[in-house]
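# Structural overview
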Amino acid sequence: MDNNNQSNSLTDGTGGLNRRKFIESAGLGILAVTAIGELASCTSSAQNLPSQYPKTMADTIRIKLPPRDAETEQKEAPLPAIVEPQKRIGFAIVGLGSLALGEIMPAFGACKFAKPVALVSGSPDKAGKVAKQYGIAEKNIYNYQNFDQIKNNPEIDAVYIVLPNGMHEEFVIRAAKAGKHVLCEKPMANTSAEARRMIKACKDAGKKLMIAYRIQYEPHNRLAMQWARDKHFGKIKMIDLVNTQNIGEPGQWRLNKKLAGGGSLPDIGLYCLNTARFILGEEPESVMASIYSTPGDVRFKEVEETVQWQMNFPAGAMVSASTSYGVHKSRRYRCYGDNGGWFGLDSAFDYHRLRMEASQAQGKLETRMSPDMGEKNQFAIELDHMAQCIMENKEPYTPGEEGLQDQIIMEAIYESARTGKVVKLERITKTDAFRGQAPKED
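First, a word on scope: everything that follows refers to the structure included in this document. (Residues numbered from 1 in each chain as written. Predicted model: local features only at pLDDT ≥ 70, side-chain atom pairs only at ≥ 80, totals over all residues. Heavy atoms only, no water.)

## Regarding a nonpolar patch on the surface
A cluster of nonpolar side chains, namely Ile61, Ile63, Leu65 and Leu79, defines an oily patch on the protein surface of about 400 Å² accessible area. Mapped onto the fold, Leu65 is located in the loop between strand 1 (60-61) and strand 2 (82-83). (Patch = residues over 30% accessible without salt bridge, like charges linked within 9 Å, V, L, I, M, F, W, Y side chains within 5 Å. Areas by Shrake-Rupley, 256 points an atom, 1.4 Å probe, with all protein chains shown as cover. Salt bridge = Lys/Arg side-chain N within 4 Å of Asp/Glu carboxyl O. Helix = DSSP H or I, 4+ residues; strand = E, 2+ residues; numbered from the N terminus.)

Quick look at the structure:
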């Protein structure tokens, strides 16, 4: 799941998680929320078209207008090239928590190639309300017990798994067996063994599996990646990353080991890990870590509070990362080069209002910069990338193998913290070893 807090409706009346109700109401379960997303301007039905109408990028409609500003001004992005709604890739959203309702469903209004066509939820009342908001047919509402029936619905091309981490494996495998492509929230799974089974299930079914690493598609983070690889400020020698928040409600699923897999590391620390790998294009050779949880804090009976770790990369970069569930929110990183400059983002991992910053020595001056590429909806970008990959039969930029690699490294971080020793990782020399074809730039 992404780094946001979901409200918990399936409780025992004291704020604690009621496992029996959780399982009975949703198979493996899903926590319900009351938040309802905004209306997005997206149609959901395949109107007046055969159910198996081929959806391709050849259907893209482009409009071009003459330039408005002088050549000296910042260049405007081209107008979006859009596929008409009935020819877009249809997604079933699996799990209607705060991330799905607050970010993902509204994001379809900014999509060019994707649309919502179905919902999967343990709460019929909530699913019905959301369906009315987004014009989704009542027949396209499923629960966790009849989920497999999506195989009989040709409107559904892909599913977006937005469930607690411990449920990802089951529903990715069930979706693949139902013949649907899969976009899965991060972390990919609770263990590397689960991740491997998910990859195999999708490959066996001939379906695509993409992990929702939205940071790798966001423009400012992509600029940071390009600066690092181009040595814009020299060779990157150090990266410092922080992602923290002060988590509440002890009964929520994120503090349940079975459902979350861990604490701050897989939920929000994963951003530090994956962003460092993305920026450098390399894989770490070793990790050294420590973990601390405040004694007596009921929130951390099952999962860890704070993790700090270091990673050494083949080209010489040293990465320091910190994550915590017990301090005020901070989401930032900074990359330090050896040729008069540094750059990074603060805030780096939020959904909106990301701010890039940089500093460069220029003779007697130290110049501070705040590059601004404009804001784009991160969820719309990743949904459209998945849709394009389906239309063009291409490997997603962040496939299952990318998620598996993070699981392997997180397991090494836990091992290092447990043993107090450096843990060596497999040496991988290929750049972007686990990524597919890069997303298309506007």
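## Looking at the nonpolar core
In terms of nonpolar packing, the biggest core is built from 114 residues, with Phe91, Ile93, Tyr160, Leu209 and Trp309 touching the most fellow members. Looking at which element gives the most residues to this core, the answer is helix 8 (residues 264-280), with nine residues. In this view, Trp309 contacts Leu265, Gly269, Cys272, Leu273, Met288, Ala289, Val319, Ser320, Ala321, Ser322, Thr323 and Ile413; residues no more than four positions away in its chain are not counted. Grouped together as the second largest cluster of nonpolar side chains are six residues, Ile247, Phe300, Val303 and Tyr325 included. (Core = buried A, V, L, I, M, F, W, Y, C linked by side-chain atoms within 4.5 Å. Buried < 20%, exposed > 50% of the residue type's maximum accessible area, 1.4 Å probe, protein only. Contact = heavy atoms within 4.5 Å.)

## Brief notes about helix 3 (residues 124-134)
In an α-helix, one full turn covers 3.6 residues, which means residues spaced three or four apart are oriented alike. Listed as buried for helix 3 are Lys126, Ala127, Val130, Ala131 and Tyr134. Buried residues along helix 3 cover an arc of 135 degrees about the axis, so they all sit on one side. Turned more than 90 degrees from where helix 3 packs its buried face, Pro124, Asp125 and Lys132 sit exposed. Of the surrounding elements, those touching the buried residues of helix 3 are helix 2 (98-107), strand 4 (114-120) and strand 5 (141-142). Gly135, located one to two residues past helix 3, shows a positive phi value of around 70 degrees. (Arc of directions from axis to C-beta.)

## Notes on the packing of aromatic side chains
Going through the model one piece at a time under the given rule, you end up with ten aromatic pairs. Taking the centre distance of 5.5 Å and the plane angle of 40 degrees together, the rings of Tyr271 and Phe349 count as tilted. In this pair, Tyr271 sits in helix 8 while Phe349 sits in the loop between strand 14 (341-346) and strand 15 (356-362), placing the two residues 78 residues apart along the sequence. Phe349 shares its class with Tyr271; the two are buried. Chaining the aromatic ring pairs together yields one cluster made of Tyr144, Phe147 and Phe171. A cation sits over an aromatic face here: Arg334 above Trp342, 3.5 Å from the ring centre. (Phe/Tyr/Trp six-rings, centres within 6.5 Å; stacked < 30°, edge-to-face > 60°. Lys NZ or Arg CZ within 6 Å of the ring centre and 35° of its normal.)

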